Amino acid sequence: MLTTWILLALFLFWAVGAYNRLIRLRSAALQAFGGLDTHMVRWIALLGEYEAAHGAPGAVQAIVGDEPAPAADAHDAHAALWAAATQLGASLAVARARPLDSGAAAALAAASQVLENAWQTVVREAAQVSEGVAPPALAPWVVRREQVALHSDEARRLFNDAVAQYNHAIAQFPASLLAWLFGFKKAQTL
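What you are looking at is a predicted structure, and each value in this text was computed from that prediction instead of being measured.

**Student:** Go over the packing of helix 1 (residues 2-54) against helix 5 (residues 139-171) with me, naming the residues and quoting the values.
**Tutor:** Closest axis-to-axis distance for the helix 1/helix 5 pair is 8 Å, and the angle between their directions is 160°. Between helix 1 and helix 5, the angle is such that the two are roughly antiparallel. Seen from above, helix 1 lies across helix 5 with left-handed handedness.

Structure representation (structure tokens):
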């Protein structure tokens, strides 16, 4: 009888400790997402500043210099950039509500990639018009984007590491039983 009580007590202490570890790892992943969220908001804010400075009609001409710009291509690239920024903002809002949800993380990763591709298209088209070099009016924005990207990449790495630790913990037996019992689900990296 005493052995049974000792085993039950050990099991209870193990279960509480394992549950606390899962909660701690989940919390670390959520905090890491907060850092990533901050950098993505900075990227969206940077695009907002860029739009305010260059989004007005005729601004494409100011960005690319005195050479006549292919208006349709430049306007299409800028429209795609603003649409991609809106998509990232919407995906970020959903991911902010459920940072460890696989669907929200997948949508956020896709939106981030679409925005990066749209930005590269704007830079590439501006460079084509100005003979292979980004025009001086665009250079400060390219530099600021590179700085935001550098910090964002580090925040993404920290988030992915935290998610990997969390996923590893909920997959280990016997902690996986607690994860199943309390509804811990596998998260997706970005």
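After that view of the structure, there is still more to cover.
**Student:** Can you explain the pattern of salt bridges? Please cite residues and give values.
**Tutor:** Counted according to the given criterion, the structure contains 6 salt bridges. With its nearest N and O atoms 3.7 Å apart, the salt bridge here joins Asp101 to Arg98. On the basis of relative accessibility, which here comes to 31%, the residue Asp101 falls in the partly exposed class. A residue is classified by how much of its surface remains accessible, and Arg98, at 45% relative accessible area, is partly exposed. Here the residues in one salt-bridge network are Glu154, Arg157 and Asp161, joined through shared partners.

**Student:** Talk me through unusual backbone geometry; I want residue IDs and the actual numbers.
**Tutor:** Following Phe173, the chain continues to Pro174 via a peptide bond in cis, the omega torsion being 10°. Within the fold, Pro174 resides in the loop between helix 5 and helix 6 (175-182).

**Student:** Which residues make up the side chain of Ser91, and what values do they have?
**Tutor:** With respect to the helices, strands and loops of the structure, Ser91 is situated in helix 3 (residues 71-97). Not counting the four nearest positions on each side in its chain, Ser91 is found in contact with Ala107, Leu108 and Ala111.

**Student:** Can you break down helix 4 (residues 102-129) residue by residue, with the values?
**Tutor:** The first and last C-alpha atoms of helix 4 sit 41 Å apart over 28 residues, in line with the 40 Å expected at 1.5 Å per residue. For helix 4, the N-terminal capping position is held by Asp101, with its side-chain oxygen 3.4 Å away from the main-chain nitrogen of Gly103.

**Student:** Tell me about the nonpolar core, and name the residues and values.
**Tutor:** Of all hydrophobic cores here, the largest spans 48 residues; its most connected members are Leu81 and Trp119. Elements with a contribution of two residues or more to this core: helix 1, helix 3, helix 4, helix 5 and helix 6. Sorting elements by how many residues they give to this core places helix 1 first, with 13 residues. Other than its neighbours up to four places away in sequence, Trp119 contacts Trp43, Leu47, Tyr50, Leu81, Leu138, Trp141, Val142 and Arg145.

The rules we used
- Residues numbered from 1 in each chain as written.
- Predicted model: local features only at pLDDT ≥ 70, side-chain atom pairs only at ≥ 80, totals over all residues.
- Heavy atoms only, no water.
- Axes fitted to C-alpha atoms, helices over the stretch in contact; angles between N-to-C directions.
- Helix = DSSP H or I, 4+ residues; strand = E, 2+ residues; numbered from the N terminus.
- Parallel < 35°, antiparallel > 145°, perpendicular 65-115°, else oblique.
- Left-handed = near helix turned anticlockwise from the far one by under 90°.
- Salt bridge = Lys/Arg side-chain N within 4 Å of Asp/Glu carboxyl O.
- Buried < 20%, exposed > 50% of the residue type's maximum accessible area, 1.4 Å probe, protein only.
- Contact = heavy atoms within 4.5 Å.
- Expected span 1.5 Å × (residues − 1).
- Polar contact = N/O pair within 3.5 Å; in protein donor to acceptor, adjacent residues only side chain to side chain.
- Core = buried A, V, L, I, M, F, W, Y, C linked by side-chain atoms within 4.5 Å.

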